[in-house]
Amino acid sequence: MEKSLKSISLNQGIILGVILTVITVLIYAFSIDMFTKWWLGILLFLVILVFGIIAAVKSRKALGGFMTFKEAFTSYFITVAVGTLISTIVGVVIFAVIDPDAAQYLNEKIIEMTMQTMESFGAPQASINEAIAGMEGKNNFSAGMQFQSYVIRLLILSVIGLIVGVSLKKSDPNQA
């Protein structure tokens, strides 16, 4: 049964990775400015979360309706880790290899947006200048930064995965 759980999770992770890749490539091709929209990050986060939960539910069904916390978390984690890793690799290929100019453009847009946001909140000019100085010369889309973001995202999603694991575990009453 363990192989079944891992294969279900791996398959779901690959499907998730393909979906995230298609979304990334479409946005890159048709409207690169969408990468700076806050709602896109939330939408992608929800897609990742849903796929992790679906994988855990499918695994529980494959295990006869009963699942330990470890099995639920493992199923969720494998799906999320594989899917987001595929997406991260695609992001690195696009922004660090194929089109570094797009990464530079997006970094400039992010700096602009940060400045506008800070001004709208009435931040002192000295604080704005300091924040912008810290952002300039930093490439959020470099391979290193993208993999750093992958690790941070995976940690956050893992905490949620702990909750999913607790929620989906179900002990078999016929086992001692």
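Residues numbered from 1 in each chain as written. Predicted model: local features only at pLDDT ≥ 70, side-chain atom pairs only at ≥ 80, totals over all residues. Heavy atoms only, no water.

Undergrad: How would you explain the overall build of the chain if you had to name every residue and give the values?
TA: Each helix and strand counted, the chain has 6 helices and 0 strands in total. Counting from the amino terminus, helix and strand elements in the chain follow one another as α-α-α-α-α-α. The C-alpha radius of gyration computed for the chain amounts to 20 Å, which surpasses the reference 16 Å derived for 176 residues by more than 25%, pointing to a less compact arrangement than a globule. Burial analysis of the chain (176 residues in total) assigns 33% to the buried set. Pairs at least 24 apart in sequence give 82% of the contacts found in the chain among residues at least 6 apart. Surface summary for the chain: the accessible area is close to 10100 Å², and the carbon and sulfur share equals 68%. (Helix = DSSP H or I, 4+ residues; strand = E, 2+ residues; numbered from the N terminus. Rg over C-alpha atoms; globule rule 2.2 N^0.38 Å. Buried < 20%, exposed > 50% of the residue type's maximum accessible area, 1.4 Å probe, protein only. Contact = heavy atoms within 4.5 Å. Areas by Shrake-Rupley, 256 points an atom, 1.4 Å probe, with all protein chains shown as cover.)

Undergrad: Give a detailed account of the layout of surface pockets, specifying residues and quantitative values.
TA: In this structure, the largest pocket occupies an estimated 850 Å³ of space. Taken together, 29 residues make up the lining of the largest pocket; nearest its centre are Phe35, Leu44, Phe141, Ser149 and Arg153. Put simply, the parts of the chain that give the lining of the largest pocket at least two residues each are α1 (2-30), α2 (38-62), α3 (69-98), α4 (100-120) and α6 (143-168). Looking at the lining of the largest pocket element by element, the count peaks at 7 residues for α6. Of the residues in the lining of the largest pocket, the class split is 17 nonpolar, 10 polar and 2 charged. (1 Å grid on protein atoms, 1.4 Å probe; cavity = no way out; pocket = protein on both sides within 12 Å on 5 of 7 lines; lining within 4 Å. Points joined across faces, edges and corners; volume = space filled by probe spheres on them. Nonpolar A, V, L, I, M, F, W, Y, C, P; charged D, E, K, R; others polar.)

Undergrad: Tell me about the environment of Val18, residues and numbers included.
TA: Secondary-structure assignment places Val18 in helix α1. Overall, the relative accessible area of 47% leaves Val18 in the partly exposed class. As a C-alpha pair, Val18 and Ile163 span 145 residues in sequence and 26 Å in three-dimensional space.

Undergrad: Pulling in residues and values, what's your account of the nonpolar core?
TA: Among the nonpolar cores identified, the biggest contains 18 residues, and Ile48, Tyr76 and Val80 are the most heavily contacted of them. The leading source of residues in this core is α6, at 5 residues. Sequence-distant contacts of Val80, defined by excluding residues within four places in its chain, comprise Leu16, Ile48, Gly52, Leu154 and Leu157. (Core = buried A, V, L, I, M, F, W, Y, C linked by side-chain atoms within 4.5 Å.)

Undergrad: Kindly report on the side chain of Thr24, identifying the contributing residues and their values.
TA: Relative to the elements of secondary structure, Thr24 occurs in helix α1. For Thr24, a relative accessible area of 11% puts it in the buried group. Contacts of Thr24, omitting those with residues within four sequence positions, involve Phe35, Ser87 and Ile94.

Undergrad: Just give me the short version of α4, but keep the residues and values in it.
TA: Helix length check: α4, at 21 residues, gives a terminal C-alpha distance of 30 Å against a target of 30 Å (1.5 Å per residue), a fit within 8%. Taken together, the buried positions of α4 are occupied by Ala102, Ala103, Leu106, Asn107, Ile111 and Met118. Trailing α4 by a residue or two, Gly122 shows a phi angle of about 75°, which is positive. (Expected span 1.5 Å × (residues − 1).)

Undergrad: Residue-level account of a nonpolar patch on the surface, with values.
TA: A surface patch of nonpolar side chains, about 570 Å² in accessible area, is lined by Leu10, Ile14, Val18, Val22, Leu26 and Phe30. With respect to the secondary-structure elements, Leu10 resides in helix α1. (Patch = residues over 30% accessible without salt bridge, like charges linked within 9 Å, V, L, I, M, F, W, Y side chains within 5 Å. Salt bridge = Lys/Arg side-chain N within 4 Å of Asp/Glu carboxyl O.)

Undergrad: Tell me about the packing of α3 against α6, and name the residues and values.
TA: Two quantities define a packed helix pair, namely the angle between the helix axes and the distance between the axes. Packing of α3 against α6 leaves a shortest axis separation of 9 Å and a crossing angle of 160°. By the angle class used here, α3 and α6 are roughly antiparallel. Our pair here, α3 against α6, has a crossing hand that is right-handed. (Axes fitted to C-alpha atoms, helices over the stretch in contact; angles between N-to-C directions. Parallel < 35°, antiparallel > 145°, perpendicular 65-115°, else oblique. Left-handed = near helix turned anticlockwise from the far one by under 90°.)

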